[in-house]
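Each chain, letter by letter, is given below.
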Amino acid sequence: MQTDVGAKKVVVPKPGALNLTQQITASTVGSVVTCVVVNPLDVMKTRLQLRTTSYGGWAHVTSFIRNEGARSLFSGLPVALLMTIPANIIYFTIYERLRTKFEASNKMNSTSAVALAGACGRVAAVIATSPLEYIRTVLQAQLQDQAFDILKANLATRGWSTLFVGLYPTLLRDVPFSIIYWAGYERGKHFAGRLLPLRNFSTTTADAMHNFAAGVGSALVAATVTTPLDVIKTRRQVASNTLLSHQHDLRVGAIFRHILLHEGVRGLFHGVVPRVIKVAPACAIMITSYELVKKKL
């Protein structure tokens, strides 16, 4: 925000705006809490999406936990932390700054401003962390020794471009997700405030509960709608797995047709339950932690 003082323009910080250090701190705290809580659900989702049948899903989950141990539920956690922290720093920093800029321009309403800012932030974050996302997916899909063998083999035969093999489908998944999520979240906060006044709680507690409820509801819808794109991304990134070695055409359209032809519509929603169970609270925990830390800084 700018104001004239004599002949000079003085920039007045927007109330509640964070500097870069505060932005990094808020994003980091939210990222760590979220990763630790939801990593087991992310592993389950990845394993379920690699099945080629629509039956025995939970039996498959209990089987790999029994065979590989409970530690397998935290496969890829270090990589997830390494990826999620910078991704969220990039994501939320760009989101906050673009949202402020779009709203100040008076060229779009608040819902459009947050949706577009979220989409732009997600594009930047996905591109920056795509190699780590690929590594994490392979680690979650395989036993540890097999995963590293596959990574080395892919790098040797396909070069560094293999680390970006899931970039396009990831963008196809995450950009629509961000648009749906942020638009729904902003509306959901106001709706939750009217539906659940929570007058007996402090303002900070009530706001946190409203943020959490809005985050869960919006993420639930966004995660469900974008699950087919998440399945395609996962299949493409772990195509070197012997389970999928028969599929040579790794274009998004070809993978979509292959799943639809051989597995039906249900195949496009493999892992939808653990995805929703993971993504909805993950988004809610992240946004609630982020907003709480913002207020404390």
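Residues numbered from 1 in each chain as written. Predicted model: local features only at pLDDT ≥ 70, side-chain atom pairs only at ≥ 80, totals over all residues. Heavy atoms only, no water.

Caption draft 1: Looking closely at the pattern of salt bridges. Considering all chains together, one arrives at 11 salt bridges under this definition. Taking the shortest distance from any N to any O, the salt bridge between K278 and D42 comes out at 3.5 Å. Residue K278 is located in helix α10 (residues 272-296), and its partner D42 is located in helix α1 (residues 20-49); the two are separated by 236 residues in the primary sequence. Residue classification places K278 among the buried positions, given a relative accessible area of 16%. D42 sits in the buried class, given a relative accessible area of 2%. Here R173 makes a salt bridge to D174, at a shortest N to O gap of 2.5 Å. Look at R173 and you get buried, because its relative accessible area is 9%. What makes D174 buried here is its relative accessible area of 11%. (Salt bridge = Lys/Arg side-chain N within 4 Å of Asp/Glu carboxyl O. Helix = DSSP H or I, 4+ residues; strand = E, 2+ residues; numbered from the N terminus. Buried < 20%, exposed > 50% of the residue type's maximum accessible area, 1.4 Å probe, protein only.)

Caption draft 2: Summary view of the confidence of the model for the protein. On average, residues of the protein score 81 in pLDDT, and 85% of them reach the 70 mark or higher. At the level of individual helices and strands, the protein shows its lowest average pLDDT in strand β2 (residues 8-11), which scores 43, and its highest in helix α7 (residues 203-225), which scores 92. Per-residue pLDDT stays below 50 along residues 1-5; that stretch engages in 12 contacts with residues further than four places along the chain or on separate chains. Residue range residues 7-13 is modelled with pLDDT below 50. Its contacts to residues more than four positions away, or to other chains, number 12 contacts. (pLDDT = per-residue confidence, 0-100. Contact = heavy atoms within 4.5 Å.)

Caption draft 3: Summary view of empty space enclosed by the protein. Inspection of every chain in the model, using the stated rule, returns two cavities of 30 Å³ or more. Approximately 770 Å³ is the volume found for the largest cavity. Taken together, 41 residues form the lining of the largest cavity, with N88, R122, R136, D174 and K278 sitting closest to its centre. For the lining of the largest cavity, the elements supplying multiple residues, two or more each, are α1, α3 (77-105), α4 (110-141), α6 (167-195), α8 (227-237) and α10. Broken down by element, the lining of the largest cavity gets its largest block of residues, nine residues, from α4. For the lining of the largest cavity, the per-class residue count stands at 18 nonpolar, 13 polar and 10 charged. (1 Å grid on protein atoms, 1.4 Å probe; cavity = no way out; pocket = protein on both sides within 12 Å on 5 of 7 lines; lining within 4 Å. Points joined across faces, edges and corners; volume = space filled by probe spheres on them. Nonpolar A, V, L, I, M, F, W, Y, C, P; charged D, E, K, R; others polar.)

Caption draft 4: Just the nonpolar core, in detail. Formed by 27 residues in total, the largest nonpolar core has its most connected members in F92, F177, Y181, W182, A219 and I287. For this core, the secondary-structure elements that each account for two or more residues are α3, α4, α6, α7 and α10. Among the elements that line this core, the one with the most residues is α10, at eight residues. Those residues in contact with I287 that sit more than four places away from it in its chain are F92, Y181, W182, Y185 and N211. Formed by seven residues, the second largest nonpolar core is a distinct cluster that contains L41, M44, L48 and F64. (Core = buried A, V, L, I, M, F, W, Y, C linked by side-chain atoms within 4.5 Å.)

Caption draft 5: View of the side chain of T227. Here T227 is to be found in helix α8. Residue T227 is classed as buried on the basis of its relative accessible area of 0%. Here the side chain of T227 touches R275 through a polar contact of 3.4 Å, side chain to side chain. When near neighbours in sequence (up to four residues on either side) are disregarded, T227 contacts L268, F269, H270, V272 and R275. (Polar contact = N/O pair within 3.5 Å; in protein donor to acceptor, adjacent residues only side chain to side chain.)

Caption draft 6: Structural view of the side chain of S72. One can find S72 in the loop between α2 (57-68) and α3. Overall, the relative accessible area of 5% leaves S72 in the buried class. When neighbours within four sequence positions are excluded, S72 is seen to be in contact with V43, F64 and I65.

Caption draft 7: Layout of the environment of T46. Mapped onto the elements of the fold, T46 is located in helix α1. On the accessibility criterion, T46 (2% relative accessible area) is buried. Expressed as a C-alpha distance, the spacing of T46 and T234, which sit 188 residues apart in the sequence, is 7.1 Å.

Caption draft 8: Representation of the packing of α3 against α6 in the model. Running from N to C, α3 and α6 cross one another at 60°; their axes reach a closest spacing of 14 Å. On the basis of their axis angle, the class for α3 and α6 is oblique. For the element pair α3 and α6, the recorded crossing hand is right-handed. Along its contact with α3, which presents Y91, F92, Y95 and R99, the element α6 presents S178, W182 and E186. Considering only residue class, the contact of α3 with α6 consists of four nonpolar, one polar and two charged. (Axes fitted to C-alpha atoms, helices over the stretch in contact; angles between N-to-C directions. Parallel < 35°, antiparallel > 145°, perpendicular 65-115°, else oblique. Left-handed = near helix turned anticlockwise from the far one by under 90°.)

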